[in-house]
Amino acid sequence: VSRDTIEALGDIVGHDGLIVDPALMQPYLSDWRDRFHGRALAVVRPRSTAEVARVVEHCVAAGIAMVPQGGNTGLAAGATPVGLERAVVINTSRMRAVRNIDAAAGTIAVESGCVLSDVQAAARQAGRYFPLSLAAEGSAQIGGLISTNAGGTAVLRYGSMRALVLGLEVVLPDGSVLNGMRTLRKDNAGFDWKQWFIGAEGTLGIVTAAVLRLFPAQHTIRTALFSLPTIEDAMRAFAAVESALGELLVAAEIIPDIAVEMRARFHPSEAFPAPRDGWYLLAEATSALSGLEDQIDAVLLDIVEAGIAKGCTVANNPAQREAIWAWRETITESERRFGTSAKHDVSVPVSAVVPFVEEAGAAVAAAFPSTTVVAFGHAGDGNIHFNVVIPQQESIAAEDVNVLVHRIVAAYGGSITAEHGIGRYRRDELPAHRSEAEMSAMRALKQALDPRGLMNPGAVL
Ligand code: 2HG
Ligand code: ZN
């Protein structure tokens, strides 16, 4: 690739938008976990959809592969240019405009580089609420969250990103712009093509903007942390909370005591906000109505009085609420400090969470006795992060652990990724978990939209 070919990208995006210095490119060439390392001819940072389109046209003409990237917080290496001879990273972080907000209609139109916490804040300022919520929300960008169909802690009530997208704008692999920035709740005119790009991990095109749904502001917020002896008790408490609170329940997350122990080692001055036990259930209930606190508390108390939970701490102010959530949201970071882990972002039917965790836990303990299982997460929707921490000095291959755990997941009718996606981390495992017919339908769509295979090659398929 000639120097002129790369320099021409600078003419499109401005020379401050083109990075070619290897040292300055580094942060864009590794995944957040620092497990995948790639290389690129350049990192290109366009400022607009028109610039993305021109960059794509230019790359196609020169036969250069493109790796779309947002906040680079993903856990499946979908945005890391691994093993590509001639590739550029197209990073969306300079496209962060809020194009329009319509509080009455409950819609916000944003560019793909908008950071999630900024979208939440914009909604709040307009007296509305954007529910997607996850640990990386201070860095994760809308384009990446759409491309991975991100989940997080409010899926139980609001669904994954897919359920929050009304309209989409995409630059296709040939550089043409597909504009579907509609704000409609109902629209059955032809194929709902935007769904093809949500969760496609940038393999079918580059998401450049989206119309997202906004919801009424929530005035009652109750956050509770139950202490329980076993995971079975935690799931029993969840079932009781869910049937009593119904649609008020937003989040139901389980935390094992080992995760608390790991975090406590790095935050020795912070007291855990509930009595220590084997497991914890973090439940949050909210309502647009104000003044429901006492009714919600009565439900929480019932669960303790029924003997299911030994104790329950309820946050009485935003600081206490944040302190509870901190013990949940930082598990990934604490875990990372303990060594490498074989991650499993699995989902099983909610009724199978307990037998799955028990069976997989026993199998891992038998096969890899030096490892530590940290199984936590979105139990209310069946998504467990079944992470197996491998001590530094051990030479256990994460792939061997994956095969064992995923075999058990399959036996329960589960999925090998509930929210993080396939990316490059789980690509080689996908064909074993999808039928030949499903794989060929996916390949047909890829072939139709990206016949030259230049859009994020090596991810997903
Ligand atoms: C979470 O739920 C994230 O905190 C990360 O999805 C999970 O580290 C993980 O495996
Ligand atoms: Zn998660």
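Structure: above.
Okay, the overall build of the protein next. Along its length, the protein carries 16 helices and 19 strands. A compact globule built from 461 residues should have a C-alpha radius of gyration of about 23 Å, and the protein, at 23 Å, falls within 12% of that. With the principal axes as the frame, the protein shows a C-alpha extent of 70 × 55 × 45 Å. Counting all 461 residues of the protein, 55% fall into the buried class. For the protein, long-range pairs separated by at least 24 residues make up 74% of all intrachain contacts whose partners lie at least 6 apart in sequence. For the protein, the computed accessible surface area is about 19,100 Å², with 52% contributed by carbon and sulfur atoms. Taken as two groups, the 39 positive and 51 negative side-chain charges of the protein have centres that lie 4 Å from each other.

The final tally for this structure, using the stated rule, is 20 salt bridges. The salt bridge partner of arginine 96 is aspartate 118, with a shortest N-O separation of 3.4 Å. Of this pair, arginine 96 sits in the loop between β4 (87-91) and β5 (98-102) while aspartate 118 sits in helix α4 (residues 116-125), and the two are 22 residues apart along the sequence. Judged by relative accessible area, arginine 96 falls into the partly exposed class, the value being 46%.

Counting residues in each nonpolar core, the largest one holds 50 residues, and the members touching the most others are Phe226, Ile254, Phe356, Ile384 and Phe386. Contributing elements (two or more residues each) for this core: β12 (220-228), α8 (231-245), β13 (249-256), β14 (279-287), α10 (293-305), α13 (353-367), β19 (383-390) and α14 (398-411). Beyond its immediate stretch of four places on either side in the chain, isoleucine 384 contacts Ile254, His344, Asp345, Val346, Val353, Val357, Ala375, Phe376 and Ala379. With 35 residues, the next largest nonpolar core counts Cys114, Ile146, Val207 and Val250 among its residues.

Where helix α1 (residues 3-13) contacts helix α3 (residues 49-62), the two axes come as close as 9 Å, and the packing angle between them is 165°. Accordingly, the angle class assigned to the pair α1 and α3 is roughly antiparallel. As for how α1 packs across α3, the hand of that crossing is right-handed. Counted together, Thr5, Ala8, Leu9, Ile12 and Val13 of α1 and Glu51, Arg54, Val55, His58, Cys59 and Ala62 of α3 form the full contact between these two elements. Grouping the constituent residues of the contact of α1 with α3 by class yields seven nonpolar, two polar and two charged.

Right, let's talk about the sheet that holds strand β2 (residues 42-44) for a bit. One open sheet accounts for four strands, arranged β1-β2-β4-β3; its pairing is mixed. One side of each edge strand has no neighbouring strand; the edge strands of this open sheet are β1 (18-19) and β3 (65-69). Of the strand pairs in this sheet, β1 and β2 are connected by two bridges, and their pairing is antiparallel. Paired with leucine 18 across the strands is valine 44, a residue of β2.

So, on to the side chain of glutamine 218. Following the sequence through the fold, glutamine 218 ends up in the loop between β11 (215-216) and β12. Judged by its relative accessible area of 16%, glutamine 218 is buried. Setting aside residues up to four positions removed in sequence, glutamine 218 forms contacts with Tyr129, Arg157, Tyr158, Thr286, Ser287 and Ala288.

Conventions and cut-offs
Residues numbered from 1 in each chain as written. Chains lettered and ligands numbered in written order. Predicted model: local features only at pLDDT ≥ 70, side-chain atom pairs only at ≥ 80, totals over all residues. Heavy atoms only, no water. Helix = DSSP H or I, 4+ residues; strand = E, 2+ residues; numbered from the N terminus. Rg over C-alpha atoms; globule rule 2.2 N^0.38 Å. Buried < 20%, exposed > 50% of the residue type's maximum accessible area, 1.4 Å probe, protein only. Contact = heavy atoms within 4.5 Å. Areas by Shrake-Rupley, 256 points an atom, 1.4 Å probe, with all protein chains shown as cover. Lys, Arg positive; Asp, Glu negative; His and termini not counted. Charge placed at Lys NZ, Arg CZ, Asp CG, Glu CD. Salt bridge = Lys/Arg side-chain N within 4 Å of Asp/Glu carboxyl O. Core = buried A, V, L, I, M, F, W, Y, C linked by side-chain atoms within 4.5 Å. Axes fitted to C-alpha atoms, helices over the stretch in contact; angles between N-to-C directions. Parallel < 35°, antiparallel > 145°, perpendicular 65-115°, else oblique. Left-handed = near helix turned anticlockwise from the far one by under 90°. Nonpolar A, V, L, I, M, F, W, Y, C, P; charged D, E, K, R; others polar. Pairing = 2+ DSSP bridges.

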